[in-house]
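Residue-level listing of the chains:
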Amino acid sequence: MAKVLFEWDYSSYPGAKAYPNLFKPIQIGNIIVPNRIKYAATEDNLNDHNGFITDADVAYMRSRAQGVVGGLCFMQGVYMDEKRQGQGYVGQAACWDDKYIAGLKRIADAIHGERAVAGFQLMDCGRVGAVEVDSGHGPSTVPQRLRIFKPMFEMTNQEVKEMVKQHVDAARRGIEAGFDVMEISGIVGYLISNFLSSYTNRRTDEYGGDIRGRCQAMVEIIQGVKEVCGPDVPVGIRLCSDELLDDVKGNTPEESMMTYKIAEEAGADYISCTLGWQESIYPVISRDIPQGNWLHLAKRAKENVKIPIQMAYRLFTPDKPNKAIGDGELDIWEMCRSMIADPHMPRKVLEGREDEIRHCVACNLCLARLFRDAPMTCYINPLCAHEHDDRYYPHPVDEGAKKEVMIVGAGPAGLECAYVAAKRGHEVHVYDKREELGGTVLEASRSPYGDEELMTCPGYQKKMCELAGVNFHLGTEVTDEMIQDVLPDTVVLATGPVYSKITAKGGDSGRIVNVLDVLSGRETVGENVIVWGNRKPGIGVALYLAKQGKKVTIVGKEKSAGFDINPSFKWRYMIYMKQNGVTAYNDCDIEEINDGEVIIKTYDGYRLPVKCDTIVVSEREANDSLKSIVQEEGIEFFVIGDALVPRNMSSAVHDGYRIGLRI
């Protein structure tokens, strides 16, 4: 008889009524999970470089366990070989020796302390591994496509069998640490997926050849792990439903579905449906991919196997997975980045507080950090990876320390600062000359390829400000006289940047407009446009205009376009610029503006004429307005966001949060 680990009753919660399919139980193996929600295993680089669990990782996992409200909560995948060839991240947890069990037990206990089901993942990173050693291992020696990864060398038949044993031994340690569900990682270019794929497995022995031969290592791992886990601990596996490696002769979709069937035959109790590899040239999870785009793959998986199917991948809101589960096309809603951005997201859904969710904006900064050997952070969640540090929480100030705070600017920096300061007990007033909250995100969100999702950030901040009692003064421009009249205890200048003036010859006579005016529709442009500035604002407006059929050229001082975009997302913009015919002159500047033409000067002195009837300015500078009067009055003040240094929305949010804690 199936075992219930934790009793939960969702019947009185509004979210259970709105999304009934998410909050109904499911049997996996011989256990009953109270709901259909899972925090999926996600590396975080928070552990020490010897693989031992840290306080930071325990607190990180406890927060996510609170969020799944009785569902599945999986810790990051562990590496299992003492040689560290399977280690893919410098802060990855290890499990190649019994000495790691005590630390792993801390995470299982933290998850159980929140009455959630604790999941353990086995993950040899294969082609994405060897982060701390010179070379890695794989089924065959196939050159790397991505330069950041180490060379891989072919495993002997005996080494393959040892790798299988490493999985089984690590599973036994996970059970001893107290975990309830065991999961095997076979995705995105990790070792098991290397064996499965025709791209990376060229072997002719028992572990190669046709799809069944390429699945043999996976079968032995599943069977070995099942044996050590016994009947009470379900064993699942994450598998690609579509590798997106057609250009290098990877598996066909039919072969991928065969891996699902063979995994089920071997005894897998569920499959987590994924797609794409690190080496795929097609995007999978960036925000240019519509939400819900991949649900058809979960449906296809359901048509091929009888065991439960789980899926994450661009499912950021509860409506789509709730419908898919109701339609029989999915069984469990997985989350990774959504719960990096807001660890309590499913709890808020359950409690009917969806407007309090800090939604992921699919920027992939978390991935960029991991692959550059840095601890995880989040573009829009300043508390991420600091859950263990009491200094990062907004504690109330003493009664005598409460201040009247004037925040000038209702963009992401000002709004973040406002609600944090108000939660601590300060009287906070936010002023903005616009009638609408959001600052320059209002315009940035009009850029194509999913940028409308950026508006979820000020949407969340607005709700937090309302709950904290922040006072808004919209349509009000703050002047020197107003500051002298109000004389607040603290002024926070979150006024955004100023846009640079073109000093080129003829700059006072050309048709020059501002990026914000163009994106908002307040200004129109001609057919031949030069965008001055090659950071994200310039790229955004360039693509916005190019999709209208304009001939667009970007001219920027940075050595490469998109300097301020994290590398895991930047490549998408480079492709879109090429597809839309946008020409970029990097490490260049505008030297001269003539009638219908602009002269561009390159870094090495060459001069190029470019046809132009409109120049769109996106170059930005720090904003010093109001700073002098605040200093003259001796008022405590802070400058944050683009007013301090023009950067990106993430920097604005993090600035605002930290200053909100300091006031």
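Keep in mind it's a predicted model, so treat the numbers as computed, not measured. Each residue is numbered by its place in its chain's sequence as written, counting from 1. Predicted model: local features are reported for residues with pLDDT of at least 70 only, side-chain atom pairs are reported and counted for 80 or more only, and whole-chain, interface and lining totals are derived from all residues. To get the side-chain values, take all heavy atoms of the structure and skip hydrogens and water.

The numbering of helices and of strands both runs from the N terminus, where a helix is a DSSP run of H or I of at least 4 residues and a strand a run of E of at least 2. For the chain, the helix and strand inventory stands at 22 helices and 28 strands. In summary, the chain has a C-alpha radius of gyration of 27 Å against a globular reference of 26 Å for 663 residues, a match within 12%. Principal-axis analysis of the C-alpha atoms places the extent of the chain at approximately 75 × 65 × 45 Å. Expressed as a percentage of its 663 residues, the buried residues of the chain come to 61%. Here, two residues are considered to be in contact whenever any of their heavy atoms come within 4.5 Å of each other. Sequence-distant contacts, at least 24 apart, represent 72% of the contacts inside the chain between residues at least 6 apart. Accessible surface for the chain amounts to roughly 25,300 Å². Of this, 48% is attributable to carbon and sulfur atoms. Just so you know, the count uses Lys and Arg for positive and Asp and Glu for negative, and it drops His and the chain ends. Note that the charge is assigned to NZ on lysines, CZ on arginines, CG on aspartates and CD on glutamates. The averaged location of the 95 negative side-chain charges in the chain is 3 Å from the averaged location of its 76 positive side-chain charges. Atoms considered for the radius of gyration are the C-alpha atoms alone. The globule rule reads 2.2 Å times the number of residues to the power 0.38. Buried residues are those whose accessible area, probed at 1.4 Å on protein chains only, stays under 20% of the maximum for their type, while exposed residues exceed 50% and partly exposed ones sit between those limits. In short, Shrake-Rupley with a 1.4 Å probe defines the accessible areas, and a residue's cover is counted only from the protein chains shown.

The next thing to look at is the state of the cysteines. Disulfide assignment relies on a single distance test, namely cysteine sulfur atoms paired within 2.5 Å. Inspection of every chain in the model, using the stated rule, returns zero disulfides. Not engaged in a disulfide, the cysteine Cys336 finds its nearest cysteine sulfur in Cys366; these two sulfurs lie 9.0 Å apart. No disulfide involves Cys465; its nearest neighbouring cysteine sulfur is the one of Cys417, lying 9.5 Å away. Exposure remark for Cys465: the relative accessible area of 0% places this residue in the buried category.

Another point: the packing of helix α2 (residues 55–67) against helix α3 (residues 101–113). Orientation is described by lines fitted to C-alpha atoms, with helices fitted over the stretch in contact, and by angles between N-to-C directions that extend from 0 to 180 degrees. The N-to-C vectors of α2 and α3 enclose an angle of 25°; their axes lie 8 Å apart at closest approach. As far as their axial angle goes, α3 and α2 are roughly parallel. Considering the relative orientation of α2 and α3, their crossing is right-handed. Within the contact between the two elements, α2 uses Asp55, Asp57, Val58, Met61, Arg62 and Ala65 and α3 uses Arg106, Ile107, Ala110 and Ile111. Note on residue classes: Ala, Val, Leu, Ile, Met, Phe, Trp, Tyr, Cys and Pro are nonpolar, Asp, Glu, Lys and Arg are charged, and everything else, Gly too, is polar. Looking at the contact of α2 with α3 residue by residue, the class counts come to six nonpolar, no polar and four charged. Reported orientations rely on four angle classes, namely roughly parallel under 35 degrees, roughly antiparallel over 145, roughly perpendicular from 65 to 115, and oblique for the rest. For any pair of crossing helices, the crossing counts as left-handed if the nearer helix is rotated counterclockwise from the farther one by less than a right angle, and right-handed if it is rotated clockwise.

So, on to the side chain of Thr274. For Thr274, the position within the fold is in strand β11 (residues 270–275). Taking the relative accessible area as the measure of exposure, Thr274 reaches 0% and is therefore buried.

Strand order in the open sheet formed by five strands is β19-β26-β20-β21-β22, with parallel pairing between adjacent strands. Strands at the two margins of the open sheet, each flanked by one partner only, are β19 (512–514) and β22 (583–585). Adjacent strand axes in the sheet meet at a mean angle of 25° when their direction is disregarded. In this sheet, β22 lies alongside strand β21 (residues 551–555) in parallel orientation, the contact comprising three bridges. Bridge pairing links Val555 to Tyr585 in β22. At least two DSSP bridges between two strands are needed for those strands to be called paired.

Let us look at the pattern of salt bridges. The rule for a salt bridge is simple: a side-chain nitrogen of Lys or Arg has to be within 4 Å of a carboxyl oxygen of Asp or Glu. Taken as a whole and assessed by the stated rule, the structure comprises 45 salt bridges. The residue Glu387 makes a salt bridge to Arg64 at a minimum N-O spacing of 2.7 Å. With a gap of 323 residues between them, Glu387 in the loop between α13 (365–370) and β14 (404–408) and Arg64 in helix α2 connect regions that are remote in the sequence. Between Arg522 and Asp517 there is a salt bridge whose closest N-O contact spans 2.9 Å. The structure contains a network of salt bridges with shared partners spanning Lys38, Glu183, Arg238 and Glu334.

With that settled, consider α2. To estimate how far a helix should reach, multiply one less than its number of residues by 1.5 Å. Taking 1.5 Å per residue as the helical rise, α2 with its 13 residues ought to reach 18 Å, and the 19 Å between its terminal C-alpha atoms agrees with that figure. Of all 13 residues in α2, 10 are buried, a share of seventy percent or more. Of all the residues in α2, the buried ones are Ala56, Asp57, Val58, Ala59, Tyr60, Met61, Ser63, Arg64, Ala65 and Gly67. The inward-facing, buried residues of α2 contact β4 (37–39), β5 (72–78), α3, α11 (337–341) and α12 (345–350). Looking one or two residues past α2, Val69 carries a phi angle of roughly 40°, positive in sign.

All right, on to the sheet that holds strand β17 (residues 490–493) then. The strand order β16-β15-β14-β17-β28 describes an open sheet built from five strands, whose pairing is parallel. Bordering the open sheet on either side are β16 (471–474) and β28 (636–639), each of which pairs with just one other strand. On average, each strand axis in the sheet is inclined to that of its neighbour by 15°, with strand direction left out of account. Bridge count between β17 and β28: four bridges; the pairing is parallel. Residue Thr490 lies in a different strand from β28, and its bridge partner there is Glu636. Contacting β14, β15 (427–432), β16 and β17, helix α14 (residues 412–423) runs over the sheet at an angle of about 165° to β15.

This part covers the packing of aromatic side chains. In this scheme Phe, Tyr and Trp rings, the latter by its six-membered ring, pair at centre separations within 6.5 Å, and the angle between planes marks the pair as stacked below 30 degrees, edge-to-face above 60, and tilted otherwise. All told, the structure shown has 13 aromatic pairs when counted by the stated rule. Residues Trp96 and Tyr100 carry aromatic rings whose centres are separated by 5.5 Å and whose planes lie at 70° to one another, so their mutual orientation is edge-to-face. The burial state of Trp96 is the same as that of Tyr100; both residues are buried. Plain terms: the ring middles of Phe569 and Tyr573 are 5.1 Å apart, the flat faces sit at 55° to each other, and that makes the pair tilted. Note that Phe569 and Tyr573 are positioned in helix α20 (residues 567–579) at a spacing of four residues, about one turn of the helix. Under the relative-accessibility criterion, Phe569 is labelled buried at 3%. Through successive ring pairs, a cluster of aromatic residues spans Trp8, Tyr10 and Phe23. A positively charged side chain is recorded as over a ring if its NZ (Lys) or CZ (Arg) lies within 6 Å of the ring centre. The angle to the ring normal must also be within 35 degrees. The positively charged end of Arg314 is found above the aromatic ring belonging to Phe316, 5.0 Å away from the centroid. The aromatic ring of Trp571 is capped on one face by Arg572, whose charged end is 4.8 Å from the ring centroid.

Further remarks concern the domain arrangement of the chain. One widely used convention gives an interface's size as the accessible area the parts lose upon coming together. Boundaries of every domain are those given by an automatic assignment or by a domain database. Annotation of the chain at the domain level lists domain 1 (3–371), domain 2 (396–497 + 623–662) and domain 3 (501–621). Taking only C-alpha atoms, the centre of domain 1 and the centre of domain 2 are 39 Å apart. Taken together, the contacts link 14 residues of domain 1 with 15 residues of domain 2. Where domain 1 abuts domain 2, roughly 1,100 Å² becomes buried across the two surfaces, and 52% of that area is made up of carbon and sulfur atoms. Accessible-area loss on putting two parts together, using a 1.4 Å probe and summing over both, is the definition of buried area adopted here.

Looking now at unusual backbone geometry. Leaving glycine aside, a negative phi is the common case for residues, and trans is the common case for peptide bonds. For Lys249, which is not glycine, the phi torsion reads 60° and is therefore positive. Checked against the element boundaries, Lys249 lands in the loop between β10 (235–242) and α8 (253–266). Phi at Arg314 takes a positive value of approximately 60°, unusual for a residue other than glycine. Since its relative accessible area comes to 1%, Arg314 is described here as buried.

Within soluble globular proteins, side chains that are nonpolar tend to cluster in buried spots. Buried Ala, Val, Leu, Ile, Met, Phe, Trp, Tyr and Cys residues form a nonpolar core when they are joined through side-chain atoms within 4.5 Å. Core analysis: the biggest nonpolar cluster contains 132 residues, and Met75, Leu104, Leu122, Met218 and Val225 have the highest contact counts within it. Here this core gathers at least three residues from each of two domains, domain 1 (3–371) and domain 2 (396–497 + 623–662). Leu122 has contacts with Val78, Met80, His167, Ala170, Ala171, Met182, Glu183, Ile184, Ser185 and Val225, leaving out every residue within four places of it along the chain. Grouped together as the second largest cluster of nonpolar side chains are 28 residues, Leu383, Val428, Leu437 and Val492 included.

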